[in-house]
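Notes for the structure review
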Amino acid sequence: MLLADGTFRLSSTWKFTAADSGSAGHPVVWRAAPGAVPVISGAVRVTGWVQEGTSGVWSASVPAGTETRQVYVDGKKVPMAGAPLSELGWNGGWTGSSSGYNINGDANAKAWFGARTAAEVAKVQFDYPGGNGPWTESRCPVASYSAGTATLTMAQPCWTNVTNRAAFSQGSGGLPSMSVGAKPARVDNARALLSSGEWFLDSAANKLYYQPESGQQVPNLDVEVPRLESLLQGAGTLANPLHDVTFTGLQFSYATWNDPSRPAGFSDVQSNLRITEGRNQGMCTFANPAGSCPWGALTQPLANVAFTATTNLSLIGNRFVNLGGAGLSVMYGARNTLIQGNEFTDIASTALLLGCTYDPTPTNASEAQGIKNHCTPDPAAVSGDSIGLNEILTNTTVSDNVIHHIGTDYSSACGITLLFSRGTKITNNVLYDLPYTAITAGVIQGHVDQASTPQNSTNINESNTISNNLFHDYMSVRSDGGAIYAEGHQAGYVYRTDGTIDPVATLAKGLQVKGNVAFNGRNTNFTYYDDAGSEWINWEGNVAFGAGGAAQGGCSSTGHFWIRNNYFSAPLQSYACNPPVDSNASGNVSIPATPSPGQIPTAILAAAGLTSAYVAQPNAGAPQVRYISPTNAAQVLIGGHGFTPTTPVYVKNVQVTGVQFVSGGFLIVPIPGGTTASDIRVGDGGGPATAGRVDDTDSRIVYSGFSLQSGRTFGDLNGDIHFATANGSTATLTFTGTGIVVYGEQNTDQGNIGISIDGGAQQTVSTVPTDGLRHANVSLYTRTGLSAGTHTIVVTKLSGTYAVLDGFAVVNTGPTTTRLDDTDSRIVYSGFSLQSGRTFGDLNGDIHFATANGSTATLTFTGTGIAVYGEQNTDQGNIGISIDGGAQQTVSTVPTDGLRHANVSLYTRTGLSAGTHTIVVTKLSGTYAVLDGFAVTTA
């Protein structure tokens, strides 16, 4: 089935049943037509905008019954109307109770709620980052406000589920309640809080409000409002599965998930699993009174694309983007599923959800109905299923997928959540820019198991593998997680004839974690984390650098771990709580936190991440650098993603030869002496050329009529030139500097070239040599004295048989300033966390922030000046600045006008001696300190 290019707007869920199956070896294939990008959309495009008076707010009608938690403008999610508590001037003088808050001590909050109608109040939602542990972010709606008693009543059951969770016995890990006195960090979903770039939906009036950002023309915007929660649903039965179906080349976008707006809210427990069915949900016989069984049977996020009871299902080369729930789920007896070469990005919850919280022991007859009720979309449709081992998720392969920027609404989301399965292989995927753990296996299941009570909960897990994945820049928002996080039983036991467990055979059926590479874990406790009740795990041949306090370890695990032949920059066997029954380490190698080429076996780096068939696919993305090893060597190791064997690397604008392509995530690059990390550019991006030589192969030179000639032996820079034979052929370069030199060749077969800068009069330059000899790589034209700034030069062939260009040299006689974003890998953070997707005007929409005094950001730079960029806001205080270990200067980041100012210079120092310096920024006071990077000035 070929799908044409364009957007297919669904009016209802696209459903597949067993009747839509193919046959063994002959699947039904739903495929994008050649060159097409079919978008399967659950949204309506909003038009007919009118301005609301002079307020700057626009409104438009939406279909009756529209309900959503997301709105997308020109393909990007924009936030709902809301604000941090601190921005509202509310003093937080609130008293909590089992029903909500008394806010009589906060005059501003009283006035604000008092001015709202009952319907407006009932739309408001409070956000509690870290409220139920630093790995969580719960949200609860407000139910009502009583002006007479200044009482906010919170929605039930959310409030009880967040603040009064049932205690349970024999716990090996805490699942804490939030104090009733905890104040929210944000207030969301109120029209009165609309600000630039935000939206509000009045569902009663069927009207959407949007306040545009500066420069946006609302009638010209593509505003997409999701209406569906389920885009695609494939559901068979265990006796009659949906089978032999493939989806390839499709894009699934614009679906929402509305349950967190309802009274159950988002009572976060861990990894986006939540409580919706009572304060003792999933606590089985360990709570008093007993909760639902099995242990850990919590509510999963809704997946916008979901499959149950399938066989031989393939999803290959699709995109899951701009979704309001989880991206994709597969569970309930699915067998032989292939999920390969897809991209998952801009997803509110987890990217990929494998398995179900209700089926750790499907052979237990008492749990059959619970499995049908919670692991399938329609319990009635599977009422005839006989549940046993046939219900186990079996032989799922997840390979060569790219997962990034997920958990955009629910920051405890993992990239991949693996619950209960057999024969699962998660291999050669790339996961980055994640708010929490990259891959979790068995989450919640182990919280009543440990060395002293190893069999309180059991499951069917066995023979699962997590191998050769590449992780970087994870744990950017939440804490207490890692690159791979495991809980609970991970093996099917194999017994000897004498009734004892055979450790070799059992480990072979355990969780195999091999060949993974992880770096830049922002708030990582343990990179490879065997937590509560985890057992039978083989950690072998993995890499972790710059990735947290410990490379491997956990809390209250059961044990039976083998940690072998890994390359770690941090300690291993770090067991902070009750130790495991056994932990076996051998052959592990200690490496620096900033490893150079040769300090990690190239074979491990080469095997991690996308395989060769997928590194150049569009879903792999453009090259991005996230790590550069120290440059005081002849070569550097560059880490990131999106690299291919043909990705160019430039040092000071000159393309480097001899680059070793290791994998889609790593390059080894030779560098000349004196190179700094800021001199290195990977890929075709980078903006205007800056001071230094620019080879003719630089991607920033735009050619018309010129061709490349390589392998020359006349002395050209890097043995190549660009040449033209047709008059009028041009070479154009945009550069930042005060001068420019044009390099080329003089020879008797050449003639005149024309030079024009910034559209000025063209100057004619002869390239015919006076001595009749060839002169290669020579300066043909020099211009100095340009104003400091950005200019454009155009070189035009005017006459002769050939015109030859060998590049340019950009001259800058004044200081050069280079801006470094807060995400730059050269900044070393302690206590700071990344926040992405902001709309306040931060550089690249992200900042690093800290809440603990004493948190630091350190940068070593080469230059004569430095500027610190951040934010001024009323919830901030003082920061301390120290350069080269000198006296600390105190700088206030509290604005004098009481308004937020983003991406502003907080501190500037000039006149430093030419050379290398180190600056340390320290949080001293206030609720937050915000860093948006630095600007380095060189003479």
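Let us look at the structure shown here.

The rules behind each value
Residues numbered from 1 in each chain as written. Predicted model: local features only at pLDDT ≥ 70, side-chain atom pairs only at ≥ 80, totals over all residues. Heavy atoms only, no water. Helix = DSSP H or I, 4+ residues; strand = E, 2+ residues; numbered from the N terminus. Rg over C-alpha atoms; globule rule 2.2 N^0.38 Å. Buried < 20%, exposed > 50% of the residue type's maximum accessible area, 1.4 Å probe, protein only. Contact = heavy atoms within 4.5 Å. Areas by Shrake-Rupley, 256 points an atom, 1.4 Å probe, with all protein chains shown as cover. Lys, Arg positive; Asp, Glu negative; His and termini not counted. Charge placed at Lys NZ, Arg CZ, Asp CG, Glu CD. Phe/Tyr/Trp six-rings, centres within 6.5 Å; stacked < 30°, edge-to-face > 60°. Lys NZ or Arg CZ within 6 Å of the ring centre and 35° of its normal. Pairing = 2+ DSSP bridges. Disulfide = S-S within 2.5 Å. Salt bridge = Lys/Arg side-chain N within 4 Å of Asp/Glu carboxyl O. Axes fitted to C-alpha atoms, helices over the stretch in contact; angles between N-to-C directions. Core = buried A, V, L, I, M, F, W, Y, C linked by side-chain atoms within 4.5 Å. Arc of directions from axis to C-beta. Polar contact = N/O pair within 3.5 Å; in protein donor to acceptor, adjacent residues only side chain to side chain.

It is worth spelling out the overall build of the protein chain at this point. What the protein chain contains, in helices and strands, is 6 helices and 82 strands. A compact globule built from 939 residues should have a C-alpha radius of gyration of about 30 Å, and the protein chain, at 30 Å, falls within 12% of that. Across its three principal axes, the protein chain shows a C-alpha extent of roughly 100 × 75 × 60 Å. With 939 residues in all, the protein chain has 57% of them scored as buried. Counted over contacts in the protein chain with a minimum sequence separation of 6, partners at least 24 positions apart contribute 74%. Of the roughly 33200 Å² of accessible surface on the protein chain, 50% is carried by carbon and sulfur atoms. Within the protein chain, the 65 negative side-chain charges are centred at a point lying 3 Å from the centre of the 46 positive side-chain charges.

All right, on to the packing of aromatic side chains then. For the structure shown, the criterion picks out 41 aromatic pairs. Relative to W30, the ring of F16 has its centre 5.6 Å away and its plane inclined at 85°; by these criteria the two rings are edge-to-face. Within this pair, whereas F16 is found in strand 3 (residues 14–16), its partner W30 is found in strand 4 (residues 28–32), the two being separated by 14 residues in sequence. Across this residue pair, the class does not change: F16 and W30 are buried. Through a chain of ring-to-ring contacts, three or more aromatic side chains come together here, namely W90, W94, Y101, W112, F113, F126, Y128, Y145 and W159. Lying across the ring of Y209, R191 places its NZ or CZ 3.9 Å from the centre. Looking at R819, its charged tip hangs above the ring of Y869, at a distance of 3.7 Å from the centre.

What follows deals with the sheet that holds strand 45 (residues 526–530). The 11 strands are arranged 3-21-26-29-32-35-39-42-45-48-51 in an open sheet whose pairing can be described as parallel. Because the sheet does not close on itself, it has two edges, and the strands there are strand 3 and strand 51 (574–575). Relative to strand 42 (residues 484–486), strand 39 (residues 439–441) is paired through 3 bridges, and the arrangement is parallel. Looking across to strand 42, one finds that I439 is bridged to I484.

Turning to helix 4 (residues 368–375), a few remarks are in order. Three or more residues of helix 4 are buried, namely A368, G370, I371, K372 and C375. Buried residues along helix 4 sit against strand 26 (303–308) and strand 29 (326–331).

The tally for this structure, following the rule as stated, stands at 4 disulfides. Disulfide partner of C555: C577, at an S-S distance of 1.8 Å. Its S-S torsion of approximately -100° makes the covalent link between C555 and C577 left-handed. Here C555 is found in the loop between strand 48 (550–554) and strand 49 (559–564), whereas its partner C577 is found in the loop between strand 51 and strand 52 (583–586), with 22 residues between them in sequence. Residue classification places C555 among the buried positions, given a relative accessible area of 16%. Since its relative accessible area comes to 36%, C577 is described here as partly exposed. Cysteine pairing for the protein chain (bonded cysteines numbered in sequence order): 1-2, 3-4, 5-6, 7-8.

The next subject is the pattern of salt bridges. Side chains that differ in charge, positive against negative, can pair when their charged atoms come close. Under the criterion given, the structure shown has 29 salt bridges. As a salt-bridge pair, R139 and E137 come within 3.6 Å of each other at their nearest N and O atoms. Considered together, R139 and E137 belong to a single accessibility category, that of buried residues. Among the ionic pairs, R626 bridges to D433, the shortest N-O distance being 2.8 Å. On the criterion of sequence distance, the pair formed by R626 in strand 54 (residues 624–628) and D433 in the loop between strand 38 (430–432) and strand 39 is long-range, its members being 193 residues apart. When its relative accessible area of 13% is taken as the criterion, R626 is described as buried. Here the salt bridges do not stand alone but share partners, grouping E67, D259, R262 and R274 into one network.

Whether parallel or antiparallel, the strands of a sheet pair through hydrogen bonds between backbone atoms. Spatially, 62-65-70-67-68 is the arrangement adopted by the 5 strands of the open sheet, whose pairing is antiparallel. Among the strands making up the open sheet, the edge pair consists of strand 62 (702–704) and strand 68 (763–766). This sheet shows a mean twist of 20° between the axes of neighbouring strands, independent of strand direction. Taken together, the 3 bridges between strand 62 and strand 65 (residues 730–736) define a ladder with antiparallel strand orientation. Of the residues in strand 65, the one forming a bridge with V702 is T732.

Core analysis: the largest hydrophobic core is formed by 66 residues, its most contacted members being F247, L328 and L354. A total of 3 residues in this core trace back to one element, the largest contributor, which is strand 22 (residues 242–248). Counting 25 residues, the second-largest nonpolar core is a separate cluster that includes W112, F126, L152 and M154.

Turning our eyes to something else, we now look at unusual backbone geometry. Leave glycine aside and you will find that most residues have negative phi; peptide bonds, for their part, are mostly trans. With an omega of 15°, the peptide bond between Q156 and P157 qualifies as cis. One can find P157 in the loop between strand 16 (151–154) and helix 3 (158–163). Residue P294 is reached from C293 by a cis peptide bond, and omega for that bond is 5°. Examined against the element boundaries, P294 turns out to sit in the loop between strand 25 (273–274) and strand 26. One non-glycine residue, N189, adopts positive backbone phi at about 70°. Within the secondary structure layout, N189 lies in the loop between strand 17 (186–188) and strand 18 (198–202). Of the residues examined, N189 reaches a relative accessible area of 15% and is grouped as buried.

Next up on the list: the pairing of strand 46 (residues 535–540). Counting buried residues along strand 46, 5 of its 6 residues qualify, which places the element largely inside the surrounding structure. Direction of pairing for strand 43 (residues 511–514) relative to strand 46: parallel, over a ladder of 4 bridges. Bridge pairing links V513 to W539 in strand 46. Bridge count for strand 46 against strand 49 is 5 bridges, and the pairing is parallel. Residue N538 lies in a different strand from strand 49, and its bridge partner there is W562.

Take the environment of A570 next. Within the secondary structure, A570 sits in the loop between strand 50 (567–568) and strand 51. It is 7.6 Å that separates the C-alpha atoms of A570 and S590, two residues lying 20 residues apart in sequence. Those residues within four positions of A570 in sequence are excluded, and the remaining contacts are G548, G549, A550 and A551.

Here we come to helix 1 (residues 107–114). A109, W112 and F113 are the residues of helix 1 that are buried. Seen end-on, helix 1 carries its buried residues on one side only, within an arc spanning 90°. Of the exposed residues in helix 1, those oriented more than 90 degrees away from the buried face are A107 and A111. Buried residues belonging to helix 1 abut helix 2 (118–121), strand 14 (125–129), strand 15 (137–146) and strand 16.

It is worth spelling out the side chain of H791 at this point. Within the element layout of this structure, H791 appears in strand 70 (residues 790–797). Within the structure, the side chain of H791 is placed 2.7 Å from the backbone oxygen of S787, a separation counted as a polar contact. Residue contacts for H791: discarding those within four places in its chain leaves L733, T734, F735, G737, I757, D758 and L786.

Inspection of the secondary structure assignment puts H404 in strand 34 (residues 402–406). Among the residues examined, H404 registers a relative accessible area of 10% and is labelled buried. Polar side-chain contacts of H404 include one of 2.8 Å to the side chain of H405. Setting aside its immediate chain neighbours within four residues, H404 contacts E343, F344, T345, D346, Y432, D433 and L434.

Keep in mind these values describe shape, not function.
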